[in-house]
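# Observations on the three-dimensional arrangement
The chain contents come next:
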Amino acid sequence: MTSLTLHLAAAAPAAPPLWRILTQVGYFGALALAGGLFLAVAFLLPAAARGGAADRALRGLAPYVAAFTAVAAYAQYAGRIARSKLGVSFAESLSPANFGAYLDLPREKGAWISAAAMATVQLGLFALAVVLLVVVWRLRGRVAAPVAGAGFAVVMLAASAPSLTTAVVGMDAAANRVLKLAHILACVVWLGGLFVLAAAGLRARRSGADGAGAFERMWVRFSAWAMGAVIAVGVSGLWLTWVHVGSFAQFVTTPYGRYLLIKLVLVAGMVAAGVYNVRVLIPAIRRARLAGDEDTVVRLVLHHFPKVVAAEAVAGIGVLLVVPFLSGSARKQADGAAAGPFDWETFGIGALLVVLLIAACTAAVRLGADRPAAAAGAPAA
């Protein structure tokens, strides 16, 4: 073997064990599903539709999401124990007998609370989310909305918990903390909304005009949430890519870069599908509504739209499957220089990028909204 081959072999990280892949995918999947369900019930479902077909389709998902969240949260907690300094296997970490020793681990340098204690707090937040999911499932009418709103806040706090363990010192550390957290929360909202609305939409395909009216409003409302999530993912993703990838060549010459490239392709596909929804499907639904074509509205809202969103959700699952392989950094694997520190110049570029992304998304929505009005005012052929 040549020295170059040996270098590449040394640079390539070992693949994570299966239990780590499954626990990490389950962890982010649980955050997304629970957060998406709470988001839909609290903020997307129209008040007039509560108790109707769309409401039943959403709340019918709650027991499944609750069960998945409970299992995924416990497995993630066990995974943290297996990755700790206790030196136990994942199978051994599943036993509650190791919980006490895990909590006795000392606090890390620079942390205001130990990682074990924060992981336990997070497990408690997951347990609370499971309870609230069951409550939402059993409640009916408008009473479910505030409970779901509280559940959404609990899920966002659970997703934030690991990022709050260490103290922030310096602008560079603060930027990394804020942007990583923004990336995670935006992904939870975006993927969660896609997963839940796709599943509920497919469940409500035979609900007719009642379900179509509610889902039409939910698709429109979620587009606004998704737009904000895309902006946050775009800005934070560019920053994180710059931190971990030093050149375009590292996208194909390093394991980290290749996995990141796969993730970027999947995200680009999701963004493209979202643009199609905003620019094509939602305007088409509005045109059919203005024309009084109820059959077309039902077909687009309850049959075509859920299929497109389900395709987005499949791409989102692909993103979750890639995440466990994004360990380390392409810069380190290529023996390259570390990224420069976050400074005011970088902040200015990021702020400009945010403005441009908001302007682009707003323009896309306005152009889509103008189409039905233009079609309604046009003379008949």
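Residues numbered from 1 in each chain as written. Predicted model: local features only at pLDDT ≥ 70, side-chain atom pairs only at ≥ 80, totals over all residues. Heavy atoms only, no water.

In the nomenclature of an unreviewed UniProt entry, the chain is known as Copper transport protein of Tsukamurella tyrosinosolvens.

A tally of helices and strands in the chain yields 15 helices and 0 strands. Looking at the chain as a whole, 46% of its 381 residues are labelled buried. When contacts within the chain are restricted to residue pairs at least 6 apart in sequence, those whose partners lie at least 24 apart make up 77%. Surface exposure of the chain reaches about 18,300 Å², of which carbon and sulfur atoms provide 69%. (Helix = DSSP H or I, 4+ residues; strand = E, 2+ residues; numbered from the N terminus. Buried < 20%, exposed > 50% of the residue type's maximum accessible area, 1.4 Å probe, protein only. Contact = heavy atoms within 4.5 Å. Areas by Shrake-Rupley, 256 points an atom, 1.4 Å probe, with all protein chains shown as cover.)

Another point: helix α8 (residues 144–160). Here α8 contains 17 residues, and its C-alpha end-to-end distance of 24 Å stays within 8% of the 24 Å for a straight helix at 1.5 Å per residue. With 13 of 17 residues buried, α8 is to be regarded as a mostly interior element. (Expected span 1.5 Å × (residues − 1).)

Following both chains from N to C, one finds helix α4 (residues 62–83) and helix α7 (residues 115–138) inclined at 170 degrees, their axes separated by 9 Å at the closest point. Accordingly, the angle class assigned to the pair α4 and α7 is roughly antiparallel. Between α4, through Ala62, Pro63, Val65, Ala66, Thr69, Ala70, Ala73, Tyr74, Tyr77 and Arg80, and α7, the contact on the second element is made entirely by Ala119, Thr120, Gln122, Leu123, Phe126, Val130, Leu133, Val134 and Trp137. Across the contact of α4 with α7, the residue classes tally to 15 nonpolar, 3 polar and 1 charged. (Axes fitted to C-alpha atoms, helices over the stretch in contact; angles between N-to-C directions. Parallel < 35°, antiparallel > 145°, perpendicular 65-115°, else oblique. Nonpolar A, V, L, I, M, F, W, Y, C, P; charged D, E, K, R; others polar.)

Right, let's get into the nonpolar core. The biggest cluster of nonpolar side chains holds 83 residues, and the ones touching the most others in it are Phe38, Leu58, Trp190 and Phe215. Per-element accounting of this core gives the leading share, 14 residues, to helix α2 (residues 18–44). Sequence-distant contacts of Phe215, that is, excluding residues within four places in its chain, are made with Ala54, Leu197, Ala200, Gly201, Ala204, Val301 and Leu302. Tyr77, Phe99, Tyr102 and Ala119 belong to the second-largest nonpolar core, a separate cluster that totals 7 residues. (Core = buried A, V, L, I, M, F, W, Y, C linked by side-chain atoms within 4.5 Å.)

On to the packing of aromatic side chains. Scanning all chains against the criterion turns up 14 aromatic pairs. Considering the side-chain rings of Phe215 and Trp219, the 5.9 Å spacing of their centres and the 40 degrees angle between planes classify their relative orientation as tilted. Placement of the pair is Phe215 and Trp219 together in helix α10 (residues 208–244), with a separation of 4 residues, close to one helical turn. Owing to a relative accessible area of 3%, Trp219 belongs among the buried residues under this scheme. Each ring, one from Phe248 and one from Phe251, has its centre 6.4 Å from the other, and the planes form 35 degrees; the classification is tilted. The class for Phe248 is exposed, based on a relative accessible area of 77%. According to the relative accessible area criterion, Phe251 is buried, its value standing at 12%. (Phe/Tyr/Trp six-rings, centres within 6.5 Å; stacked < 30°, edge-to-face > 60°.)

Bringing the pattern of salt bridges into the picture now. This model, assessed by the stated rule, comprises 3 salt bridges. When the shortest N-O distance is used, the salt bridge between Glu216 and Arg289 registers 2.4 Å. A residue pair is termed long-range when its members are at least 10 positions apart, and Glu216 in helix α10 and Arg289 in helix α12 (residues 255–290) qualify at 73 residues. Take Arg289: its relative accessible area is 32%, and that puts it in the partly exposed class. Put simply, Arg289 and Glu294 hold a salt bridge, and the shortest N to O gap is 3.2 Å. One salt-bridge network, in which partners are shared between bridges, spans Glu216, Arg289 and Glu294. (Salt bridge = Lys/Arg side-chain N within 4 Å of Asp/Glu carboxyl O.)

Bringing the packing of α2 against α7 into the picture now. At their nearest, the axes of α2 and α7 sit 11 Å apart, and the two run at 40 degrees to each other. Of the possible angle classes, the one that applies to α2 and α7 is oblique. Of the two possible hands of crossing, α2 and α7 adopt the one that is left-handed. Every residue of α7 that contacts α2 at Tyr27, Ala30, Leu31, Ala34, Leu37, Phe38 and Val41 is listed here: Gln122, Phe126, Ala129, Leu132, Leu133 and Val136. (Left-handed = near helix turned anticlockwise from the far one by under 90°.)

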